Amino acid sequence: MGYPYPPDEKETVVLSQYFGDEGARSYQGWVKRGGYQALEAALAMEPGAVTDVVKASGLRGRGGAGFPTGLKWSFMPKDSGKDHYLVCNADESEPGTFKDREIMRWTPHGLIEGCAIAAYAIGAECCYVYIRGEFTEPLAIMAKAVAEAYANGVLGEKLLGTGPRLEMIIHRGAGAYICGEETGLMNSLEGRRGNPRIKPPFPAQAGVFGLPTTVNNVETLAAVPHIINRGADWYQGICLGNEKSTGTKLYSVCGHVQKPGNYELAMGTPLEELIFDMAGGMPPGRTLKAVIPGGSSVPIMDAEDVKGCLLDYEGVVERGSMLGSGGVIVMDDSTDMVYQIYRLTRFYAHESCAQCTQCREGTAWTVKILERILGGHGKESDLDLLLDLADNMTGTTICVLSDSCAAPVVSGIAKFRSEFDAYLSGARPPALAAH
Amino acid sequence: MSDALVTVTIDGIEVQVPRGTPLIEAAKQAGILVPHYCYHPSLPAPAVCRMCLVEVEKAPKLLPACVTTVTDGQVVHVNSDAALKARESVLEFLLINHPLDCPICDQAGECELQDYVFQEGRAATRYADYAKRFNPVEDFGPDVLYIPNRCILCTRCVRFMEAVAEDPVLNVSERGDRSYIGIFPDAVLDHEWAGNVVDLCPVGSLVSKDFLHKARAWDLDRTASICPGCSQGCNMTIDTRDNVVVRLRPRPNMDVNRHFMCDTGRQDYRWMNRGDRIEAPLIRAGDKLQAVDWASALDRLADTLRGADGKAVILASARASTESLGMTHRLLDGFELTAAVRVPTGHEAPLASIPNLALREERTPNVAGAELTGYTRAWDEALDQAVSAQVVVVLDEELAPDEFDRVRTAGTVVVLGTVDHPAYQAADIVLPIATMAEEHGSYVNRDGRAQVYRQAKASPGMARPAWWVAAEAAGRLAEGRAVPATAGDAIVMLGQSIPALAGLTYQSMGFTGRPVASAAASGVES
């Protein structure tokens, strides 16, 4: 629900049911609300059967990539004789995204339960919850909940007193964006510099400490108990658009809307309904100019792209962008798109881990060119240069950070070229002091 | 065997390589060098420079050749338009923050950035209006300076210290384009093999203080040699300029030293440039030594030996070549002969992750070669014998004054030496010989591998290789005895009488050496 607002009637409230309900935070409160029943049910099943249920539900990774969760679990080796790890990615560093934060703030036990079920399914005896360093409040709440879960016999030597062993360790990140990338996260967890790793090997073969590992996003894991409780068919039935996208998704709506917040929608809900109905639309007198639908890394949509766009993995791709993390950044007609694109690229230039040449040098160079344009010293050739750099930065590096930096530049120039031209021709006064 | 081999086609050339080979190595076998910076065959591959991106048919995007392993039937294009554009863009990105200070950079002329930009980079920059990144020069350790402005962040140095030396003092500091190679607080890059980071650096970012501004790379003559610093026998290159040795660098040999060499060996070259050399043969005339031509000196030596019998002693250095040691031994084989080498020792300093590679305790290169040619390490005993010997030959070894005082009581003292020494005034014959930098020769290392070193510079004055001196004298002693014309002839000739050296030729030793027949076999057969 659109906490702090009451749920909109168009929302499908599953994960966000207890957002704002402080009583749901404690172990007792969670149990009173039906908590840990799913874990009990899962422990009565074979691990493979749990994976099958998740596979059948159609649940896909909610961190951004949208990879089928059950399939990912099934990649974990069987009878390898090695320790398996589950890593809950709670780094949520994608600009414009704040859904995992709310899940951890309000329903920490829901996440612990989801982790426990996933760990059981993949045969992991250890689960790391990697929480973004800036998340001080969610960290404190999660730490308390994990302690409660140990004290009440949920975690520890035997899951719920009957199952296999599960240790849960909260690891606090140090505030690097790239540590939200799963292989960068694993390096960080091991105490190394958070540089993404080359794949292959994939985490399921060699992940944390070189051992088979599954990395799942907070929202993905939080959805698992609901799927176990209510069944794969129920989850699969929550689908208004493409049948490959099922269930509910949290959208963090921010920017120029009257009611920013987290909204939980069935897959396939129109983007316009989210922006104009639930989030209250633009401030009075303003019109929609652009939307970044999936966190800062995805291409920018203009008002035309938004019309008729369905919010599911396929629907957004059809409109030239991606569902990503569900961080919906809304921009009205007062927005200076050149400046916003510059702001985004500055973020990526700051956060580049510096491994790959194209990313280390390309992100920073992109920023400099945009600075020059905004400073009123741009050249006619700068846009072609930006596009060529973007081309060189796409698909050539270990991870997709440089692709993410290039995406808003390419889509921004394609859709808002006149704003760039206004700076280049001097029709618009400089927005930045010259560099 | 064919199961283990896969066939790949690289730029139209078909090669068969073992399964699991990285594409970049398979390409080498096809005669194609894929441009690269971070990859190095003796380091773990991180695939970060993105320079070696190649087009692999059926792959959705370009793949880094350093970490992509071959699969059967793969078709690879190293020089397709897409691959060339990718490399051109990497070069452009690397250059935007790289100073164009090649005219004052030590690496110029042997710089991989220079080479590849020249080969396939853009003709002009598109980054003209900005200042380049600046960071001050850092003093990393005893011989290594870090010039961050030239750094391309390939991380070879970091990986060498972490994975090979296992002394992880270097790191990548900061993020994004602010990054540089850092050294941990209070850490010093003083590992005994740390100098290798200078060789590994593909650009002029890590430089040797010893070599700083000494010579331009294109002015250097490079000669394949063997490090004379210890019994490991690391393969090296002697770089000379105008007949002066200015630098020693490791030369790859996968069986001995891979791509590395220790700092002790690397820095021990100044003796090769000494000016106080014996430049003419000297023979005793009354109470002083007189310079003569070689014919007179060799005649005198032959006459002296012809007139003597009984005990003879050779006091040699284990830095002398197998040829010189063998030929000198042969010269005296009619005597009741004692031959010994002196082996100075020091501490052992291994390179952690490479098996069987260390700076060895035995600090001479040819102990095994000396033993094969009939020498022992019983130096003190040999010295005792020398006191009452008819003939004592000192071969390439500088005796201490008290040692020389004892030896001069012998019948005739013959010195084959390089550097002039006041004590030689008491010798009967002093013959100038070449150092190992001035001759062809071979050493046998501690693992029984015979390896050739080549002449890197001219010897001063009339100095000649010791094997030549000994062989010429022997030829005068025995009519009709064959005299080797070259060092290569000398080793073949020795192989005819020493089973362990049988069959050894310079050709068979090549550039990487060859195990001798049996390292255990020793002693000269008469």
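Residues numbered from 1 in each chain as written. Chains lettered and ligands numbered in written order. Predicted model: local features only at pLDDT ≥ 70, side-chain atom pairs only at ≥ 80, totals over all residues. Heavy atoms only, no water.

### Section: the overall build of chain B
Phase 1: In terms of regular secondary structure, chain B is built from 14 helices and 25 strands.
Phase 2: Along the longest, intermediate and shortest principal axes, the C-alpha atoms of chain B span 85 × 55 × 40 Å.
Phase 3: Counting all 526 residues of chain B, 58% fall into the buried class.
Phase 4: When contacts within chain B are restricted to residue pairs at least 6 apart in sequence, those whose partners lie at least 24 apart make up 63%.
Phase 5: For chain B, the centre of its 50 positive side-chain charges and the centre of its 69 negative side-chain charges are spaced 4 Å apart. (Helix = DSSP H or I, 4+ residues; strand = E, 2+ residues; numbered from the N terminus. Buried < 20%, exposed > 50% of the residue type's maximum accessible area, 1.4 Å probe, protein only. Contact = heavy atoms within 4.5 Å. Lys, Arg positive; Asp, Glu negative; His and termini not counted. Charge placed at Lys NZ, Arg CZ, Asp CG, Glu CD.)

### Some details on the side chain of A:Thr107
Phase 1: Along the chain, the position of A:Thr107 falls in the loop between helix H5 (99-106) and helix H6 (108-122).
Phase 2: Beyond its immediate chain neighbours, meaning those up to four positions away, A:Thr107 contacts A:Tyr18, A:Trp30 and A:Glu102.

### Some remarks on the interface of chain B and chain A
Phase 1: Between chain B and chain A, the residue contacts involve 34 residues of the former and 35 residues of the latter.
Phase 2: With both sides pooled, the region where chain B packs onto chain A buries about 2,800 Å², and carbon together with sulfur makes up 50% of that total.
Phase 3: Across the contact surface, chain B and chain A share 7 salt bridges.
Phase 4: For the salt bridge of A:Asp391 with B:Lys85, the shortest nitrogen-to-oxygen distance reads 3.0 Å.
Phase 5: The tally of links from chain B across to chain A stands at 21 residue pairs in polar contact (both at pLDDT 80 or more).
Phase 6: When contributions to the side of chain B that touches chain A are tallied by element, the ones reaching two or more residues are helix H2 (81-96) and strand E8 (170-173) of chain B.
Phase 7: No other element matches the 7 residues that H2(B) contributes to the side of chain B that touches chain A.
Phase 8: When the residues that make up the side of chain B that touches chain A are grouped by side-chain class, the tally is 17 nonpolar, 5 polar and 12 charged. (Buried area = accessible area lost by both parts, 1.4 Å probe. Salt bridge = Lys/Arg side-chain N within 4 Å of Asp/Glu carboxyl O. Polar contact = N/O pair within 3.5 Å; in protein donor to acceptor, adjacent residues only side chain to side chain. Nonpolar A, V, L, I, M, F, W, Y, C, P; charged D, E, K, R; others polar.)

### Some points on the sheet that holds strand E5 (residues 75-77) of chain B
Residue and element names in this part refer to chain B.
Phase 1: Taken in spatial order, the 5 strands of this open sheet run E2-E1-E5-E3-E4, and their pairing is mixed. Both edges of this open sheet fall to strand E2 (13-18) and strand E4 (63-64), since each of them pairs with a single strand only.
Phase 2: In terms of strand pairing, strand E1 (residues 5-10) meets E5 through 2 bridges, oriented parallel. Paired with isoleucine 10 across the two strands is valine 76, which belongs to E5. (Pairing = 2+ DSSP bridges.)

### Examining the pattern of salt bridges
Residue and element names in this part refer to chain B.
Phase 1: Tallied over the entire structure, the rule returns 70 salt bridges over all chains.
Phase 2: Close ionic contact of arginine 222 with glutamate 110 constitutes a salt bridge, the shortest N to O distance being 3.2 Å. Placement of arginine 222 in strand E11 (residues 221-226) and of glutamate 110 in the loop between H2 and helix H3 (112-120) is noted, with a sequence separation of 112 residues between them.
Phase 3: Linking arginine 247 and aspartate 239 is a salt bridge whose minimum nitrogen-to-oxygen distance equals 2.9 Å.
Phase 4: The exposure class of arginine 247 is buried, given its relative accessible area of 9%.
Phase 5: You can call aspartate 239 buried: its relative accessible area is 1%.
Phase 6: What emerges from the salt-bridge pattern is a single network uniting Glu110, Asp199, Arg222, Asp239, Arg247, Arg249, Asp263 and Arg266.

### What to know about the pairing of E1(B)
Residue and element names in this part refer to chain B.
Phase 1: By the alternation rule, side chains of E1 split into Val6, Val8 and Ile10, which are all buried, and Leu5, Thr7 and Thr9, of which none is buried.
Phase 2: Judged from the 6 bridges that link them, E1 and E2 form a sheet pairing that is antiparallel. Of the residues in E2, the one forming a bridge with isoleucine 10 is isoleucine 13.
Phase 3: Here E1 hands over to E2 after 2 residues, with aspartate 11 in that stretch at a positive phi of 50°.

### Observations concerning the domain arrangement of chain B
Residues and elements named next belong to chain B.
Phase 1: When the domains of chain B are assigned, the result is domain 1 (2-92), domain 2 (133-219) and domain 3 (282-515).
Phase 2: Each partner contributes to the interface: domain 2 provides 8 residues, whereas domain 3 provides 10 residues.
Phase 3: Our count for the domain 2 to domain 3 interface comes out at 0 salt bridges.
Phase 4: In this assembly, domain 2 and domain 3 are joined by 4 residue pairs in polar contact (both at pLDDT 80 or more). (Domains from an automatic or database assignment.)

### Side note on the packing of helix H15 (residues 357-374) of chain A against H2(B)
Phase 1: As a packed pair, H15(A) and H2(B) sit with axes 9 Å apart at the nearest point and diverge in direction by 60°. Taken as axis vectors, H15(A) and H2(B) run oblique relative to one another. For the pair H15(A) and H2(B), the sense of crossing is left-handed. Between H15(A) and H2(B), the residues in contact are A:Thr357, A:Gln358, A:Arg360, A:Glu361, A:Gly362 and A:Trp365 and B:Ser89, B:Val90, B:Glu92, B:Phe93, B:Leu94 and B:Ile96, respectively.
Phase 2: Looking at side-chain class alone, the contact of H15(A) with H2(B) contains 5 nonpolar, 4 polar and 3 charged residues. (Axes fitted to C-alpha atoms, helices over the stretch in contact; angles between N-to-C directions. Parallel < 35°, antiparallel > 145°, perpendicular 65-115°, else oblique. Left-handed = near helix turned anticlockwise from the far one by under 90°.)

### Quick notes on unusual backbone geometry
All names here are of chain A.
Phase 1: Residues lysine 199 and proline 200 are joined by a peptide bond in cis, for which omega reads -5°.
Phase 2: By the secondary structure assignment, proline 200 is in the loop between helix H8 (182-189) and strand E4 (213-217).
Phase 3: At leucine 160, a position not held by glycine, the phi torsion is positive, near 55°.
Phase 4: With respect to the helices and strands, leucine 160 occurs in the loop between helix H7 (136-151) and strand E3 (167-172).

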